[in-house]
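Letter by letter, the chains look like this.
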Amino acid sequence: MTLDNSPERRNDWLQSYWMPFTPNKAFKAAPRIYERAEGHYYYTSEGTKVLDAFSGLWCCNLGHRHPKIVEAIKAQADELDYANAFNFGHPKVFELANVVADQFPGDLNHVFFVNSGSEAADTALKMAIAYHRLRGEGTRTRLIGRVNGYHGVGFGGISVGGMVNNRKFFGSLLPGVDHMSFPYDPATQAFTPGEAEVDVEPYMRELEAMIALHDASTIAAVIVEPFAGSGGVFVPPKNYLKRLREVTKKHGILLIVDEVISGFGRMGSPNAATYFGVEPDIVTVAKAINNGAVPMGAAIVGKHIYDGFMDASAAGVEFFHGYTYSGHPLAAAAGLAAQEVFREEGVYAHAAEMSDYFEQAVHSLKDEPHVVDIRNIGLAAGVTVSGREGAPGARGNDVFLKTYEKGVAVRANGEHLAIAPILTSGKAEIDMMIDAVRAGLRATA
Ligand SMILES: Cc1ncc(COP(=O)(O)O)c(C=O)c1O
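What counts and how
Residues numbered from 1 in each chain as written. Predicted model: local features only at pLDDT ≥ 70, side-chain atom pairs only at ≥ 80, totals over all residues. Helix = DSSP H or I, 4+ residues; strand = E, 2+ residues; numbered from the N terminus. Rg over C-alpha atoms; globule rule 2.2 N^0.38 Å. Buried ≥ 20, exposed ≤ 12 C-beta atoms within 10 Å, placed from the backbone. Domains from an automatic or database assignment. Contact = placed C-beta atoms within 7 Å. Nonpolar A, V, L, I, M, F, W, Y, C, P; charged D, E, K, R; others polar. Pairing = 2+ DSSP bridges. Near = placed C-beta within 6 Å. Expected span 1.5 Å × (residues − 1).

Participant: Before we go on, may I ask you to explain the overall build of the protein in this structure?
Facilitator: Each helix and strand counted, the protein has 16 helices and 15 strands in total. In terms of overall dimensions, the protein is globule-like: its C-alpha atoms have a radius of gyration of 22 Å, near the 22 Å expected for 445 residues. Counting only C-alpha atoms, the protein reaches 65 × 55 × 45 Å along its principal axes. Burial analysis of the protein (445 residues in total) assigns 47% to the buried set.

Participant: Could you clarify how one ought to interpret the domain arrangement of the protein in this entry?
Facilitator: In many analyses, interface size is given as the accessible surface area lost on bringing the parts together. Taken domain by domain, the protein consists of domain 1 (32-62 + 346-443) and domain 2 (70-344). Computed from C-alpha coordinates alone, the two centres of domain 1 and domain 2 are separated by 26 Å. Contacts between domain 1 and domain 2 engage 29 residues on the former and 28 residues on the latter. Secondary-structure elements contributing two or more residues to the side of domain 1 that touches domain 2 are helix 2 (55-58), helix 14 (347-363), strand 11 (371-377), strand 12 (380-385) and strand 15 (416-419). Among the elements that take part in the side of domain 1 that touches domain 2, helix 14 stands out by supplying seven residues, more than any other. Tallied by class, residues from the side of domain 1 that touches domain 2 come to 15 nonpolar, ten polar and four charged.

Participant: Please clarify how the sheet that holds strand 3 (residues 49-52) should be interpreted in this entry.
Facilitator: Strands in a sheet are paired, the pairing made by backbone hydrogen bonds, and the direction either parallel or antiparallel. The four strands lie next to each other as 1-2-3-13, forming an open sheet whose pairing is mixed. Two strands bound the open sheet, and with one partner strand each, they are strand 1 (34-38) and strand 13 (408-409). In terms of strand pairing, strand 3 meets strand 13 through two bridges, oriented parallel. Residue pairing for strand 13: Leu-51 is matched across the bridge by Val-408.

Participant: Please clarify how the environment of His-304 should be interpreted in this entry.
Facilitator: Note on placement: His-304 falls in helix 12 (residues 303-312). Here the alpha-carbon distance between His-304 and Asp-107, two residues 197 residues apart in the chain, equals 8.1 Å.

Participant: Can you walk me through the pairing of strand 12 in this structure?
Facilitator: Side chains on a regular strand alternate between the two faces of the sheet. With six of six residues buried, strand 12 lies mostly within the body of the structure. In strand 12, alternate side chains face the same way, and those of Ala-380, Gly-382 and Thr-384 on one face and Ala-381, Val-383 and Val-385 on the other are all buried. The antiparallel pairing of strand 11 with strand 12 creates a hairpin that spans two residues between the two strands, and Gly-378 there sits at a positive phi of about 55°. As defined by bridge partners, strand 12 adjoins strand 15 across four bridges and the pair is classed as antiparallel. Counted as the bridge partner of Gly-382 is Ala-418 from strand 15.

Participant: How do you make sense of the site of the ligand when you look at a structure like this?
Facilitator: If you check the shell around the ligand, you find 15 residues, and the closest are Ser-116, Gly-117, Ser-118, Gly-152 and Val-260. At three residues, helix 5 (residues 117-134) tops the list of elements feeding residues into the shell around the ligand. When the residues that make up the shell around the ligand are grouped by side-chain class, the tally is six nonpolar, seven polar and two charged.

Participant: What should I look at first to understand the pairing of strand 15 in this one?
Facilitator: On strand 15, burial covers both faces: His-416 and Ala-418 on one face and Leu-417 and Ile-419 on the other are all buried. Connecting strand 14 (residues 411-413) to the next strand, strand 15, in antiparallel fashion are two residues, including Gly-414 with a positive phi near 60°.

Participant: Which parts of the structure should I look at to understand unusual backbone geometry?
Facilitator: Most peptide bonds take the trans configuration, and most residues that are not glycine carry a negative phi. In this model, Phe-191 sits at a positive phi of 65°, which is unusual for a non-glycine residue. Assessed through the 12 C-beta atoms surrounding it within 10 Å, Phe-191 is described here as exposed. One non-glycine residue, His-370, lies in the positive phi region at around 75°. Mapped onto the elements, His-370 comes out in the loop between helix 14 and strand 11.

Participant: Looking at this model, I keep getting lost on helix 14. Mind explaining?
Facilitator: Each turn of an α-helix holds 3.6 residues, which means side chains three or four residues apart point in the same direction. Its 17 residues give helix 14 an end-to-end C-alpha distance of 24 Å, which sits within 8% of 24 Å, the value for a rise of 1.5 Å per residue. Among the residues of helix 14, Val-347, Tyr-348, Ala-351, Met-354, Phe-358, Ala-361 and Val-362 are the ones counted as buried. On the buried face of helix 14, the contacting elements are helix 13 (329-344), strand 11, strand 12, strand 15 and helix 16 (427-443).

Laid out in structure tokens, this is it:
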């Protein structure tokens, strides 16, 4: 097909691709096409250079095209392109499981690979229900998520998730799901840097009441994000996750912590479980596991879960679940390289070091036009702007576009803007992103 570059036809070639979570019509009328990336920057088809202030989509924690990751993928493609994932293995997937498990606390020692955060969430939920059944507690099938939670877009994930638009179009979803309240009250927590010192017991009492209503013997698992990412970067109060662990444990309910965003350095720590000093039964990861270079996710489980499956089956398949591309050689090779870079370059420690500077920088936006709340943890921040009457999300989207015009890509989800710097960012990059958001806010009506 020859491209017609006339003003009326020049965007026709964009029509076949149905873009995910994107206003397709608006995008195709004014596209933003990344042609190349290097380090902290994207380069567009228009010839502009854009600072990536969102680590791709929370996944390129090391920036783009790190030479070690590029080299590892090339070498792997040259050696073994694909290995049947069922009944066969390849060395790197076993190695990566060890390297990943080593970063999680306690007994979280076994890694089930998948290809995305959504698959990781659905895998973890299925594991929880099957685990109870295998130990003779087959009545434990209920799942408890949280309002405004995000666990991807599979039917399991949207059922336990709590973002209304991701749920309302898709029927009755999974049965037997309940939702806890979102542990954030703007009246008392707005503009709080880091974790708020707010009493978490009302949230625990609510969970206890929910457990009493259904009876613990019907509940398989509680699933939460350690901090809400896609829902707008909201940070629970101090001790929330610790108390959630205590309450779930008391009732024999598994705790699944979705670390798809928080895993691999985002909080200046290997993961949120380590950061908060909590040992969940199952953790889900994806994205930065291999710096977003090849699709990959995983459910990491405690020894009791793994042993529960192994011990229940004398022979044969222990878990009737898996994907053709589970532990794909290219993804595993990229994973091993990324994990080596995290370690060798001290990336988690650098992110921790930059967190204070980032916190101050992002909170300096407090008095800018439209800003009604700012939150942060590690190298993640949410800035909420006031909505326009009758046009939900319009102002957030405008700030996103105006910021992009200044050469910086952040993300807007409704009225919430999210900033997630590449973890190797220094003060200069952070200043650049905050200056651009400031200019974006000022340029927005
Ligand atoms: C906490 C969390 N869980 C799950 C997912 C879904 O991951 P994916 O888009 O790879 O399916 C995301 C994506 O942002 C996420 O933030």
